[in-house]
Amino acid sequence: MSEASLALGRTWKRPPIISNPNLRWALIIGALVYLIAAVMTIDVNWSRVYEGLERGKKFILAFSNPNFSDRWTDIQEGMLESIVMAVASTVAGIIISIPIGLGAARNIAPLPVYLICRGIIALSRALHEIIVAILLVAIFGFGPLAGFLTLSFATIGFLSKLLAEDIEDTDKSQAEAIKATGSSWLQWINFGIQPQIMPRLIGLSIYRLDINFRESAILGLVGAGGIGATLNTAFDRYEFDTAAAIIIIIIAIVMVLENTSTFIRGKLQ
Amino acid sequence: MAIKQTTDGTKVWARRNTKEQITNWIMWLVGTAIFMYCWQGISSETDWDFFWDAPEIAADIGSRAMPPKWGYITTLWVPLWDTLNIATMGTVLSLVMAIPIAFLAARNTTPDKYIIRNLALLIIVSSRSINSLIWALLLVAIIGPGVFAGLVAISLRSIGFCAKLLYEAIEEIDEKQVEAITATGASRWQVMVFGILPQIMPALAGITVFRWDINIRESTVLGLVGAGGIGLQMQGSLNILAWPQVSLILLVILIAVLVSEWVSAKVRGAII
């Protein structure tokens, strides 16, 4: 047989995603072993799940008939508190994030400042909001102040990190031109760096407001104010219609915020 | 940019002209007023005596929490394994649901541009707006406390995130490759498997690892509402004010999150 007919007789096979066969099989076998181990150790009480399906159906049905009126004052107060916390913490977060973001940008900050600021960012990003909220509630007592501080702290990690990356990406020549005019350090930052990062800073701030509102909805679970406490009570009493009403309001507000932020960010770019 | 004239006639450069200055000033005024209103709301709900006590209380808690109770680690291995399972299996489960939704939501693959696409987008938004802790709260009420509730909560929350990023990736694919596969006479499914899937594979892998990393962080706290994992131990320790145990758990969570972030960064670096 000639080589041509050999080639013709073969069928085409899709090339595998991972070309090294040893690595591929190791990954597949590793994943299978893990999957079996995981499934074996998760014990599910199927009869309890089955019983729950009835309640699940009730909850889904509650969405077609949400009850806004029974706990309206509670819902209204909780929502207002959530929004207030989100707005205040975003503002405070931005004010603190700017110096930390400047400090965490390698092209303007000296090494010791850089390391300290990066440390603050890493700490803020590693701790989940709820954990911070628990600690702050223990220290500052129940109420929206703990929630406000939690969200401000979380905002720092998010905003400073992205801001620092943006500052590191700025155009050097513009900053240098300002420096060449004999400007002070503050003037250099204000006229050389700030105009370059402003559109992104505004976009990120609005995006963070959106995130902070979403997060503020759960802080109430640990006593840090906001709509979460009302939602938790509704679940505890199996008042699914009230819970459905609260969730619908949260989704609506998030949708409005998200569309506004997309619109504003689109305009800025 | 504007040139301003001072009273004695010399010209001075200014960044903004008068109109811009006024709008700028009004925006600052409105912004400050909104912030002050919000601050007023928080301040009136706060017991300021507690605030001034805070340093003492923090020092007190700190002194009780140190040193961490190292021996307690032996009881933490099982919850830690549960936490890992919730995050991993939750991510896998969410992908199973997110991939079809992403195909339904992407403009170039959706079978129906109006009803089905908007329905898929609504699922994405609902899943994204509700925090995984709220999903967990809900599922604990419905199917009972335990690891399974946490796993489902994580997967429901991740659908929106994964499907959104994935459908954006699908919309950005190269149509020429799809056309080439269609030209061979391939069926709709074959076009998806051979024309679209290979193009979104890197994005899919990146999104999966990214979400897995976030899910590790989220699954550490699900136990607070009874949905399994290491949060359950933390809630128990907090309830009995066992601060040395709490500090150890916090340390373990911190290490777990940093390790998962490192793994995720490495894997994403290898893909891209």
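Since the structure is predicted, the reported quantities are computational estimates derived from the model, not experimental observations.

Helix and strand counts for chain B come out as 10 helices and 2 strands. Secondary structure elements in chain B, listed N-terminal to C-terminal, are β-β-α-α-α-α-α-α-α-α-α-α. Here the C-alpha atoms of chain B give a radius of gyration of 26 Å, more than 25% beyond the 19 Å that 2.2 N^0.38 yields for 272 residues. Counting only residues that meet the buried cut, chain B has 38% of its 272 residues in that class. Taking as baseline every contact in chain B between residues at least 6 positions apart, the subset at least 24 positions apart corresponds to 69%.

With that settled, consider the overall build of chain A. Secondary structure summary: chain A contains 11 helices and 0 strands in total. Taken from N to C terminus, the helices and strands of chain A fall in the order α-α-α-α-α-α-α-α-α-α-α. Against the compact-globule benchmark of 18 Å for 269 residues, chain A has a radius of gyration of 26 Å, which places it well outside the compact range. Expressed along its principal axes, the backbone C-alpha trace of chain A runs to roughly 80 × 75 × 35 Å. Looking at chain A as a whole, 41% of its 269 residues qualify as buried. Long-range pairs, those at least 24 residues apart, make up 71% of the contacts in chain A with a sequence separation of at least 6.

What follows deals with the environment of Pro 244 of chain B. All names here are of chain B. Mapped onto the elements of the fold, Pro 244 is located in helix H10 (residues 243–271). Look at Pro 244 and you get partly exposed, because 17 C-beta atoms sit within 10 Å. Along the sequence, Pro 244 and Met 66 sit 178 residues apart, while their C-alpha atoms lie 6.1 Å from each other. In this structure, Pro 244 is in contact with Ala 65, Pro 68 and Lys 69, ignoring residues within four places of it in sequence.

A few words on the interface of chain B and chain A. Between chain B and chain A, the contact holds 47 residues from the first and 44 residues from the second. Those elements that provide at least two residues to the side of chain B that touches chain A are helix H1 (18–44), helix H2 (48–65), helix H3 (77–105), helix H4 (115–129), helix H5 (132–143), helix H6 (147–171), helix H8 (188–219) and H10 of chain B. The element contributing the most residues to the side of chain B that touches chain A is H5 of chain B, with 7 residues. Grouping the constituent residues of the side of chain B that touches chain A by class yields 33 nonpolar, 10 polar and 4 charged.

The next point concerns helix H3 (residues 46–62) of chain A. With 17 residues, H3 of chain A ought to run about 24 Å at 1.5 Å a step, and its terminal C-alpha atoms sit 24 Å apart, in line with that. The axis of H3 of chain A is deflected most strongly, by about 30 degrees, at Leu 53 of chain A.

Now for the domain arrangement of chain B. For chain B, the domain assignment lists domain 1 (1–44) and domain 2 (76–271). If you average the C-alpha positions of domain 1 of chain B and of domain 2 of chain B, the two centres end up 44 Å apart.

Here we come to the nonpolar core. Residue and element names in this part refer to chain B. Grouped together as the largest cluster of nonpolar side chains are 134 residues, with contacts concentrated most on Ala 136, Leu 139 and Leu 166. With 15 residues, H6 is the largest single contributor of residues to this core. When neighbours within four sequence positions are excluded, Leu 139 is seen to be in contact with Ala 149, Val 152, Ala 153 and Ala 227.

Let's shift gears to the domain arrangement of chain A. Partitioning chain A into domains gives domain 1 (16–62) and domain 2 (71–268). Centre-to-centre separation of domain 1 of chain A and domain 2 of chain A, based on C-alpha positions: 34 Å.

The subject of this paragraph is H3 of chain B. Compared with an ideal rise of 1.5 Å per residue, which puts 29 residues at 42 Å, H3 of chain B spans 41 Å between its outermost C-alpha atoms and is within 8% of the ideal. The largest bend along H3 of chain B measures about 30 degrees and falls at Ala 98 of chain B, with the proline Pro 100 of chain B one to four residues further on.

Residues and elements named next belong to chain B. The interhelical angle for the contact between H3 and H6, taken along N-to-C directions, is 40 degrees, at an axis separation of 6 Å. In terms of their interaxial angle, H3 and H6 are classed as oblique. The way H3 lies across H6 gives a crossing that is right-handed. Its residues placed into classes, the contact of H3 with H6 shows 21 nonpolar, 7 polar and 1 charged.

Turning to the environment of Thr 75 of chain B, a few remarks are in order. Within the secondary structure, Thr 75 of chain B is located in the loop between H2 and H3. Remark: the alpha-carbon pair of Thr 75 of chain B and Gln 233 of chain B, spanning 158 residues in sequence, is separated by 9.0 Å.

All names here are of chain B. A positive phi angle is found at Leu 241, which is not glycine, with a value near 55 degrees. Tracing the sequence through the fold places Leu 241 in the loop between helix H9 (230–239) and H10. Overall, the presence of 11 C-beta atoms within 10 Å leaves Leu 241 in the exposed class.

This part is about the confidence of the model for chain B. Averaged over all residues, the pLDDT of chain B is 84; the fraction at 70 or higher stands at 99%. The complex model carries a pTM of 0.81, and its ipTM stands at 0.78.

Attention now goes to the environment of Ala 154 of chain A. Residue and element names in this part refer to chain A. On the secondary structure map, Ala 154 appears in helix H7 (residues 144–168). The exposure class assigned to Ala 154 is buried, which follows from the 23 C-beta atoms found within 10 Å. Along the chain, Ala 154 and Arg 118 lie 36 residues apart, while their C-alpha atoms are 14 Å from each other. Those residues in contact with Ala 154, other than ones at most four positions away along the chain, are Ser 124, Glu 129, Val 132 and Glu 215.

Mean pLDDT for chain A: 83, with 96% of residues reaching 70 or above. Here helix H1 (residues 3–9) of chain A is the element of chain A with the lowest mean pLDDT, 56, and H7 of chain A is the one with the highest, 89.

Parameters and conventions
- Chains are numbered independently. Their residues run from 1 in the order of the written sequence.
- By the order in which they are written, chains take letters starting at A while ligands take numbers starting at 1.
- Only residues with pLDDT of 70 or above have their local features reported here, since the model is predicted, and side-chain atom pairs are shown and tallied only from 80 upward, although totals for entire chains, interfaces and linings are computed over all residues.
- Helix and strand assignments follow DSSP, with helices taken as H or I runs no shorter than four residues and strands as E runs no shorter than two, numbered in order from the N terminus.
- Note on method: radius of gyration uses C-alpha positions; expected globular size equals 2.2 Å times residues raised to 0.38.
- Neighbour counting defines burial: a residue surrounded by 20 or more other C-beta atoms within 10 Å of its own C-beta is buried, one with 12 or fewer is exposed, and intermediate counts give partly exposed, using backbone-placed C-beta atoms.
- For the purpose of contact definition, each residue receives a C-beta atom placed from its backbone, and two residues are in contact when these atoms lie within 7 Å.
- In the scheme used here, Gly and all other residues not listed as nonpolar or charged are polar, with Ala, Val, Leu, Ile, Met, Phe, Trp, Tyr, Cys and Pro taken as nonpolar and Asp, Glu, Lys and Arg as charged.
- Here the expected length of a helix is defined as 1.5 Å per residue gap, with one fewer gap than residues.
- Here the bend at a residue means the angle between the axes of two seven-residue stretches, the one that ends at it and the one that starts at it.
- Domain ranges listed in this record stem from an automatic or a database domain assignment.
- When buried Ala, Val, Leu, Ile, Met, Phe, Trp, Tyr and Cys residues are joined through C-beta atoms within 7 Å, the set is termed a nonpolar core.
- The convention used is that axes are lines fitted to C-alpha atoms, helices contributing only their stretch in contact, and that angles between N-to-C directions extend from 0 to 180 degrees.
- Throughout, the term roughly parallel applies to angles under 35 degrees, roughly antiparallel to angles over 145, roughly perpendicular to angles from 65 to 115, and oblique to all others.
- Should the near helix be turned anticlockwise from the far one by less than a right angle, the crossing is termed left-handed; should it be turned clockwise, right-handed.
- Confidence scores labelled pLDDT are given residue by residue by the predictor and lie between 0 and 100.

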